[in-house]
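Coordinates in review
The residues making up each chain are set out below.
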Amino acid sequence: MKVEAFAPAKINLTLHVTGQRNDGYHLLDSLVVFADVGDRLEFTPGPNLTLSVTGEHATGVPTDNRNLVWKAAEAAGWTGQIDLTKVLPHGGGIGGGSSDAAATLRVLSGQGITIPDALLLGADVPVCTAAQATRMQGIGDRLTQVSLPHLPAVLINPGIPVPTGAVFKALTLGDNPPMPAEIPKFEAPQGCADWLRDQRNDLEIPATSTAGEIGVVLDALKLTTRALMARMSGSGSTCFALYPTMKDAHFAAYEIGAAHPDWWCRATQLN
């Protein structure tokens, strides 16, 4: 029987790089939320594991054991046909591959199949498996659920993949302060945005030095009507801005889409 799954975009509202372990893994403190835009997957059991990828961002996505979806299914011992529709740009800092793998784990777990440790598939896979507002610490292994209001937002990707390794290599200071010990309770997007402005994405500067178009995107978002704040997500190149209402977000998406029709631009609700 065919089973469908949704893999939402992961947005890092903050990303503080707080240290580095002896094995090279960076320690993070990040506030993560999820969008109502994402990839879609269909699972049809069968004797062999096969994967097809279609959609606006299918180009360049592997359909073999290099794909995290394949790795997740293989690690769980599941076989069959997986049809992946790629809506999210890959290499965009919004966890497309990790969220796809996490959706695979959720589907297989729901069928009573023993799934592998999500962290073995990547640092973002555990938080993507939770798929709710979460404080992610350590190497992605310490997760704390957070209560946040719904956040109207616009996501922009300029079509430039940014390799995560290159961004971390360009990071000059890897021992930065974490977020405050307690994340406040917010009643509305305005209060959340006010607090977020005092936080950081420590990868934004090195990513911008690697791909200057990120700075252009951030400037465009900051200039949209009623934007509360703007920041890069993850290691880039996708950036976001928050707004008071979804009407404001849709209007901002229209503004940017008209000025930059070659950018991937989506109004969405986070969390």
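A brief structural summary. The numbers attached to residues start from 1 for each chain and follow its sequence in the written order. The model is predicted, so local features are restricted to residues of pLDDT at least 70 and side-chain atom pairs to those at 80 or more, both for listing and for counting; the totals for chains, interfaces and linings are taken over all residues. Remark: hydrogens and water are excluded; side-chain values derive from all non-hydrogen atoms of the structure.

Quick look at the pattern of salt bridges
A carboxyl oxygen of Asp or Glu within 4 Å of a side-chain nitrogen of Lys or Arg is what we treat as a salt bridge. Counted under the stated rule, the structure contains eleven salt bridges. Ionic pairing is found between Asp100 and Lys86, a salt bridge with its closest N-O pair at 3.3 Å. Taken together, the residues Asp100 in helix H2 (residues 96-110) and Lys86 in the loop between strand E5 (80-85) and H2 connect sequence positions 14 residues apart. Lys86 shares its class with Asp100; the two are buried. Helical segments are the DSSP runs of H or I of at least four residues, strand segments are the runs of E of at least two, and each set is numbered from the N terminus. Between buried and exposed lies partly exposed: a residue is buried under 20% and exposed over 50% of the maximum accessible area for its type, with that area taken using a 1.4 Å probe on protein chains only.

A few points about the layout of surface pockets
Here a cavity denotes a set of grid points, spaced 1 Å apart and computed over the protein atoms alone, in which a 1.4 Å probe fits but from which it cannot get out, and a pocket denotes an open set meeting protein on both sides within 12 Å along at least five of seven lines; residues with an atom within 4 Å of a point are reported as lining. Grid points are joined across faces, edges and corners, and a volume is the space filled by probe spheres set on the points. Counted as a void, the largest pocket has a volume near 860 Å³. Taken together, 40 residues form the lining of the largest pocket, with Gly95, Ser98, Asp124, Thr164 and Ser235 sitting closest to its centre. Those elements that place two or more of their residues in the lining of the largest pocket are strand E1 (3-12), strand E3 (26-45), helix H1 (68-76), H2 and helix H4 (164-170). Among the elements that make up the lining of the largest pocket, the one with the highest residue count is H2 (four residues). Its volume calculated, the second largest pocket comes out at about 220 Å³. Lining the second largest pocket are 13 residues, with Asn201, Asp202, Glu204, Ile205 and Pro206 positioned closest to its centre. Per element, the largest residue contribution to the lining of the second largest pocket is four residues, and it comes from helix H6 (residues 204-210). Within the lining of the second largest pocket, the residues separate by chemical class into five nonpolar, four polar and four charged. Any residue that is not Ala, Val, Leu, Ile, Met, Phe, Trp, Tyr, Cys, Pro, Asp, Glu, Lys or Arg is counted as polar, Gly included; the first ten are nonpolar and the last four charged.

Observations regarding the nonpolar core
What is meant by a nonpolar core is a set of buried Ala, Val, Leu, Ile, Met, Phe, Trp, Tyr and Cys residues, joined one to another through side-chain atoms within 4.5 Å. Core analysis: the largest hydrophobic core is formed by 39 residues, its most contacted members being Val154, Ile156, Ile214 and Leu221. Of all the secondary-structure elements, those providing two or more residues to this core are E3, H2, helix H3 (125-130), strand E8 (151-157), helix H7 (213-222), strand E9 (229-232), strand E10 (239-242) and helix H8 (246-259). In terms of residue count, H7 provides more of this core than any other element does, five residues in total. Setting aside chain neighbours within four positions, we find Val154 in contact with Leu221, Cys239, Phe240, Ala241, Tyr243, Ala249, Ala252, Ala253, Cys265, Arg266 and Ala267. Core analysis: the next-biggest nonpolar cluster, separate from the first, contains 29 residues, Val33, Leu88, Ile94 and Leu151 among them. For this analysis, residues touch if any pair of their heavy atoms sits within 4.5 Å.

Scope: geometric values only; no functional claims are made or implied.
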